[in-house]
Amino acid sequence: MSSKSNKTPQTVWSCCNNCNAYILTKEKDNHVGQCPVPQSNWNQSFILNEKLFSFVEIKSKDAIQGLPSQDIHNFIFLSQSAIQLCNFKIGDPVVVIVENQTPIVRTLWPTIEKTSASVMLTENAIQAAWEKLLTKHVRIEALPQKILKAKLITITTKKNLKNLDIHADLCKRLQRMHINKILCNGNRLSVLYYGKIIDIQNQSQLFQVVENTKFIISNFSVSKNVKPKSSITLGGLSKIEQKVLLFIDTYFSKKFNKSSIVKSVLLYGYSGTGKTSLANLIANKSEIKYNTNIYLISCFSICSQTQDDSDDKLNNLFKEAIDNSPSVVILDDLNILCPVKSSKPSEKEKRVTASVIKFLDSIIENEFDIFVIATSNNIDAIDSSLRRFGRIDFEIEIPVPNELARKEILTNLLKNFTNLEIDELVSITPGYVGSDLMLVYATATNYALFNARTVPSLQDFILALKEVKPSAMREVQIESPNVNWSDIGGQNDLKLKLKQAIEWPIIHPESFTRMGIRPPRGLLMYGPPGCSKTMIAKAIASETKLNFLSIKGPELFNKYVGESERAVRDLFRRARQAAPSIIFFDEIDAIGGERSTSGGNSGSVQERVLAQLLTELDGVTALGAVTVVAATNRPDRIDKALLRPGRLDRIVYVPLPDAQTRLAIVTIKTAKMPVEELDFQYLVDKTEGYSGAEVQAVCNEAAMKALEEDILSNKIEMRHFEHALNLIKPRTSKSLIEMYEKYSISH
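Described in the following lines is the structure provided in the data block. Here the structure is a predicted model, which means the values were calculated and not measured.

### Brief notes about the nonpolar core
In step 1: Counting residues in each nonpolar core, the largest one holds 54 residues, and the members touching the most others are Met525, Phe585, Ile588 and Leu642.
In step 2: Counting 52 residues, the second largest nonpolar core, distinct from the first, contains Leu296, Leu337, Cys338 and Ile379.

### Observations regarding the pairing of strand β9 (residues 137–142)
In step 1: Pairing analysis gives four bridges linking strand β4 (residues 51–58) to β9, with the strands arranged antiparallel. Along β9, the bridge assignment pairs Phe53 with Arg139.
In step 2: Two strands pair when backbone bridges link them, and strand β6 (residues 93–98) and β9 are joined in this way by five bridges, in the antiparallel orientation. By the bridge assignment for β9, Ile97 is matched with Arg139.

### With respect to the sheet that holds strand β12 (residues 182–183)
Pairing between the strands of a sheet is mediated by backbone hydrogen bonds and can be parallel or antiparallel.
In step 1: Read from one edge to the other, the open sheet built from three strands follows the order β10-β15-β12, with strand pairing classed as mixed. Only two strands of the sheet have a single neighbouring strand rather than two, namely β10 (148–149) and β12.
In step 2: In this sheet, strand β15 (residues 207–208) lies alongside β12 in antiparallel orientation, the contact comprising two bridges. Within the sheet, the bridge partner assigned to Leu183 lies in β15 and is Phe207.

### Details of the side chain of Arg662
In step 1: Examined against the element boundaries, Arg662 turns out to sit in helix α22 (residues 659–670).
In step 2: Within the buried set, Arg662 has no salt-bridge partner at all; the shortest N-O distance to an opposite charge, 5.0 Å, is to Glu688.
In step 3: Not counting residues up to four positions away in its chain, the partners in contact with Arg662 are Pro657, Val684, Thr687, Glu688 and Val695.

### Considerations on unusual backbone geometry
In step 1: Backbone torsion omega between Ser325 and Pro326 reads 5°, so that peptide bond is classified as cis.
In step 2: Positive phi values are uncommon outside glycine, yet Asn291 reaches one of about 55°.
In step 3: Mapping Asn291 onto the fold places it in the loop between α7 (275–290) and β19 (293–298).
In step 4: The residue Asp333 is not glycine, and still its phi comes out positive at about 65°.

Reading the values: rules and limits
- Residues numbered from 1 in each chain as written.
- Predicted model: local features only at pLDDT ≥ 70, side-chain atom pairs only at ≥ 80, totals over all residues.
- Heavy atoms only, no water.
- Core = buried A, V, L, I, M, F, W, Y, C linked by side-chain atoms within 4.5 Å.
- Buried < 20%, exposed > 50% of the residue type's maximum accessible area, 1.4 Å probe, protein only.
- Pairing = 2+ DSSP bridges.
- Helix = DSSP H or I, 4+ residues; strand = E, 2+ residues; numbered from the N terminus.
- Lys, Arg positive; Asp, Glu negative; His and termini not counted.
- Salt bridge = Lys/Arg side-chain N within 4 Å of Asp/Glu carboxyl O.
- Contact = heavy atoms within 4.5 Å.

Encoded structure:
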């Protein structure tokens, strides 16, 4: 025992020669009557066989320094002397054992607070581990020498958490939160998920979480008699609700042959548009009217099971719905349960899809009183064998809320805040779905609280909108360009034409209605390179506060057949969802080039993309408040079909800048430059034939020449501009200008 006793001053601990336990020196006399120390319900702290037997104390968060605040509940704090006697190492994990509670593993850290025997945890750490601590007796010991790496950890929710709250990213978050940590069977874990504290129970043995450990949540595959969530996200869906309720009324009224009427509906659309909430609301109304049982089946929860009996579990759920009919079955996220067939589908996928098809077919064959409502955020990801009458009979798109729907949602959401201009919020939230608006509201409220205000202001919402991006546009880049007309020198006639074609129809739609004409659908700008065509398009979007989708022609091409056309369809669909918006095609000649008349190139990717573009412009699906703007340096190469009225209606020539425009460009460019005695007229005369980009390049080169002479220079002189003019020459040939002028006359 002498080797151990040298680890710490004898004034702190004393070793009992009878039981070999280390006792606090000040409690040595009390130990005499209790020797040997009891292994349970001890009344004094001691160390035996390198294990600490003590009592839990609460450690103040404010007293903890040098540790990340978000991780302090993962630490346990012991005195340096106790750490030494137990042969522990600072930063190592240790097992914390409390009688009648699940053991936990925590990281060891030294402290000088309290007595030398105290075991300290933060209050949050205690609540996170056990929720309620029934005894303060605690034993600390080293981990077993060998800890197995966990391949799978199954967890169950402590409360009745509905399936719609359980998503794949929750399991991923759990894995990230606990990477390299060690969990014991029955551990209580808590995670903040979409504003909710979710308590879950680990059902594994003692394992370490590693990079490839998988978490799954079980035991909540089905929920009966679902109550609808708040309807604040359901703005603008009353017509769809009435339509589905009519299908249900027709089906359960038993006035028609069930084989010839709709018995199943698929609600599809972007995440957050209210598909599941609407399905729940409809199901509950059917329960009131027809006394139906409601079954909400989370397809994700079914598919997250690693066992090969997922189809058996699904069949049992279907059987229960049949046995308790009349029933409404909600298949949430059907695309996860029955994905599009891959080249090599797994046996599990085949069996699960077959179970769903068999269930849907049996409803007609046996005339079961069951109505099915399925939901999906990706309709193209569902196995095509389900998408036909007799299985999934009817498909209804849940749209991104339009202006009226957003107003309905925001009015309901902000009914207690009469000081807010809801119309203003509606106008600046195109593309935002119901869940986005709720997140915007929550973020704005946080801003208000941070500034010691109880009510969020319009400015709080504007700040929140910069952080929360619209769900409808996550897969395509949406810009709100920060370019104004004042940033573009001259071109006043061109600006007026663009305002007439783009700005007027949006700001003054009643004028076009009064005149009995339809606004232009598209506009083509052509001219030499460097004449600000792209910048002008951004300026018009910025001035009109429109969403701006910028696409370069080659970006749409894909080597796989049909994918390029799909990219065009998706682009226009998303633009309609984010309307009012502008789609800007830069280098339109790359996809709108003239088609071959010889037939040698018939069916090429470029021709198929052009055909799809023409279809979209023709408005088989109405473009609505979507304006198409295109730019090109070679208008002579664009297919004539693209330029007819009703497609790219307006054709605008963007010429080389004239003297007045060049003067404006130089003035704007040099406004923030330290120029001295600059002869503006001389520069204007010398830059005749230059494009706008080349004029700006002259200014940049002059500044670089000044820095080349003296890196600390704070002035740019006329001689620097002379040097730049000698270096940078106009690159637009006369033949090209003649081509543009001839094209302008003929169009």
